[in-house]
Amino acid sequence: MDTPETTQGLYFWSRRLPATAISIVFMILVAISIVSIYWFQSIQNKAYEISQANIVSENLTQSIAQQATDTFDEANIILDELIERVSNDHFLTNIEATQKLLTKRVFTTEQLHGLFFYDKHGRWLLSSFDTTPDAANNSDRDYFIFHANNVTLTPRIGRAIISRTTGEWIIPFTRRVNDGDGQFKGVVLATIKMTYFDQFFSKFSIDDNGAIFLALNDGTIIARRPFTENLIGTSLAKSEIFSIYLPLSPADTVMIKSIIDGVDRLFGYRLLQKYPLVVAAANSKDAILNSWRIGTAKMGAMIGTVLLVNIFVGFLLIKQVRHGARIETDLTKSQATLEKLVLQDPLTGLANRRHMEKSLQLEWLRATRNTSPLSLIMLDIDFFKSYNDHYATSLVINVSLRLDKPLRG
């Protein structure tokens, strides 16, 4: 609660401060408040846009990861069936029926390009195609070398390659086959169409500068949207996703600059649980913040207009305040002049009776308040009439001289 002393102090300082200065300070505070609110709202809107983009990227990446997992799961089931058939020592006697079965599996499975079985020397013993290249041998392929030298029976996803049969880009999905003694018998192969992933990626809505990729866990790209042939097989091992963020978390959303084209994008990435693959989907930072920029620009224009109006009104207010201050100054001077005329004798400049009555009243109140004595001294000046007549005559002469000059002109 404000005390009388506080109220009086505020009034005192408000009287001491120039009205113009108060008006200018008020205008500045209003402008700062408007700009601060605009800035805070702009930051909040930007954070909201990015948070929504994070959710979109996370959901998009999760969908792509699930689709990729389902794609290779389905191929793995078909390879299980093929391994069971070729593990039988008598499968060569019924190889024609097995080939027809493989052809049927490829026809009914959208993502499959072909199914193959190579013996331990890399020779084609079985495929879903009607014809086999002469002296066909795949012992030089990296997936065949891997299975020949590693006893693991887990599926392996290899780097994207160009098919020797059709010339198409494919992703090899392979497994090792052992004989009854556990020795290396060969490799079964399911080739996945890269166009399948291209078509699948095209179903998702990303901006023109966005990107989606499927990569091995070492960073090698095996599928990408937009598709660029010379980028297939490119390594992203030195990118921030693989070098910094994946070791910290198997799934996240991060705003980074692409090492491929230098575009700032918000990437959602995810490491598949069942297969050594990483999927990522991203929209460009420019596209994400485009609506925010437009909204901020419109709001900025409105705020600028408000500030201009504030400056104009403030200018008029300051002008009016200065005019009022001049009037107040003139009134103060006039009041002082009137008070002087009322309290002083115009002839002698001495205090008159009114001045004495006023002073006597003040002194009486002071003596009463302080319980102190009050004394009044009265003087009688001899021959004062001659003094009065002298100055009265001089006053009349001066007035006459002043009035006489315009008449002569």
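Note: the structure precedes this text.
Keep in mind the model is a prediction, meaning the values are calculated, not measured. (Residues numbered from 1 in each chain as written. Predicted model: local features only at pLDDT ≥ 70, side-chain atom pairs only at ≥ 80, totals over all residues. Heavy atoms only, no water.)

1. Observations regarding the pairing of strand S10 (residues 264-271)
Rule in force here: Strands are labelled as partners when DSSP assigns at least two bridges between them. In this description a helix means any DSSP run of H or I spanning at least four residues, a strand means any run of E spanning at least two, and both kinds are numbered starting from the N terminus.
When strand S9 (residues 251-257) meets S10, the two strands line up antiparallel, connected through 7 bridges. In the sheet register, Met255 faces S10, and the bridge partner there is Leu266. A loop of 6 residues connects S9 with S10, the two strands running antiparallel in sequence, and Gly262 in this loop sits at a positive phi of about 75 degrees. Of the strand pairs in this sheet, S10 and strand S11 (residues 277-284) are connected by 7 bridges, and their pairing is antiparallel. Bridge assignment links Gly268 to a residue of S11, and that residue is Ala281.

2. Comments concerning the environment of Arg270
Keep this limit in mind: Contacts between residues were defined by any pair of non-hydrogen atoms, one from each residue, lying within 4.5 Å.
Position of Arg270 among the secondary structure elements: in strand S10. Through-space distance from the C-alpha of Arg270 to that of Ser249 is 8.8 Å; in sequence the pair is 21 residues apart. Leaving out residues up to four positions away in the same chain, Arg270 has contacts with Thr61, Gln62, Ala65, Pro250, Ala251, Leu277, Val278 and Val279.

3. Overview of the nonpolar core
Buried together is how nonpolar side chains tend to be arranged in soluble globular proteins. What counts is decided by this rule: We define the nonpolar core as a collection of buried residues of types Ala, Val, Leu, Ile, Met, Phe, Trp, Tyr and Cys that are connected through side-chain atoms lying within 4.5 Å of one another. Only protein chains enter the accessibility calculation, which uses a 1.4 Å probe; a residue is then buried when its area is under 20% of its type maximum, exposed when over 50%, and partly exposed in between.
Counting 57 residues, the largest nonpolar core has Ile64, Phe72, Ile157, Phe197, Leu214 and Leu277 as the members making the most contacts within it. If you tally residues by element for this core, the top one is helix H2 (residues 19-86), at 11 residues. Judged by nonpolar contacts, the second largest core, of 12 residues, contains Tyr118, Phe129, Phe184 and Leu189.

4. Topic: unusual backbone geometry
For residues other than glycine, phi is negative in most cases, and the peptide bonds are mostly trans. Following Arg225, the chain continues into Pro226 via a peptide bond in cis, with omega recorded as 0 degrees. Checked against the element boundaries, Pro226 lands in the loop between strand S8 (221-225) and helix H6 (240-245). In this structure, Thr371 is a non-glycine residue whose phi angle is positive, near 50 degrees. Summarising the element assignment, Thr371 is placed in the loop between helix H9 (353-370) and helix H10 (384-408). Residue Thr371 is classed as exposed on the basis of its relative accessible area, which comes to 71%.

5. Quick look at the side chain of His113
Here is the rule we go by: Under the rule applied, a polar contact is a pair of N or O atoms within 3.5 Å (in protein, one hydrogen donor and one hydrogen acceptor; residues adjacent in sequence only if both atoms are side-chain atoms).
Within the secondary structure, His113 is located in strand S1 (residues 112-119). With relative accessibility at 6%, the residue His113 sits in the buried group. Side-chain polar atoms of His113 contact the side chain of Thr166, separated by 2.8 Å. Among all residues touching His113, those that are not within four sequence positions of it are Val106, Phe129, Ser163, Thr166, Glu168, Ile170, Thr191 and Lys193.

6. Some words on the sheet that holds S10
Pairing between the strands of a sheet comes from backbone hydrogen bonds, and it takes one of two forms, parallel or antiparallel. Put simply, the test is: Here an angle of 0 to 180 degrees is reported between the N-to-C directions of two axes, which are lines fitted to C-alpha atoms, with helices fitted over the stretch in contact.
Read from one edge of the open sheet, 5 strands run S8-S7-S11-S10-S9, paired in antiparallel fashion. The open sheet is flanked by S8 and S9, the only strands paired with a single partner. Geometrically, the sheet is characterised by an average inter-axis angle of 20 degrees between neighbouring strands, direction not taken into account. Across the sheet, helix H5 (residues 194-201) touches strand S7 (211-216) and S8, and the angle it forms with S8 is around 35 degrees.

7. A word on the environment of Gly233
Secondary-structure assignment places Gly233 in the loop between S8 and H6. Residues Gly233 and Ile221, spaced 12 residues apart in sequence, show a C-alpha to C-alpha distance of 5.0 Å. Not counting chain neighbours up to four residues away, the residues in contact with Gly233 comprise Thr220 and Ile221.

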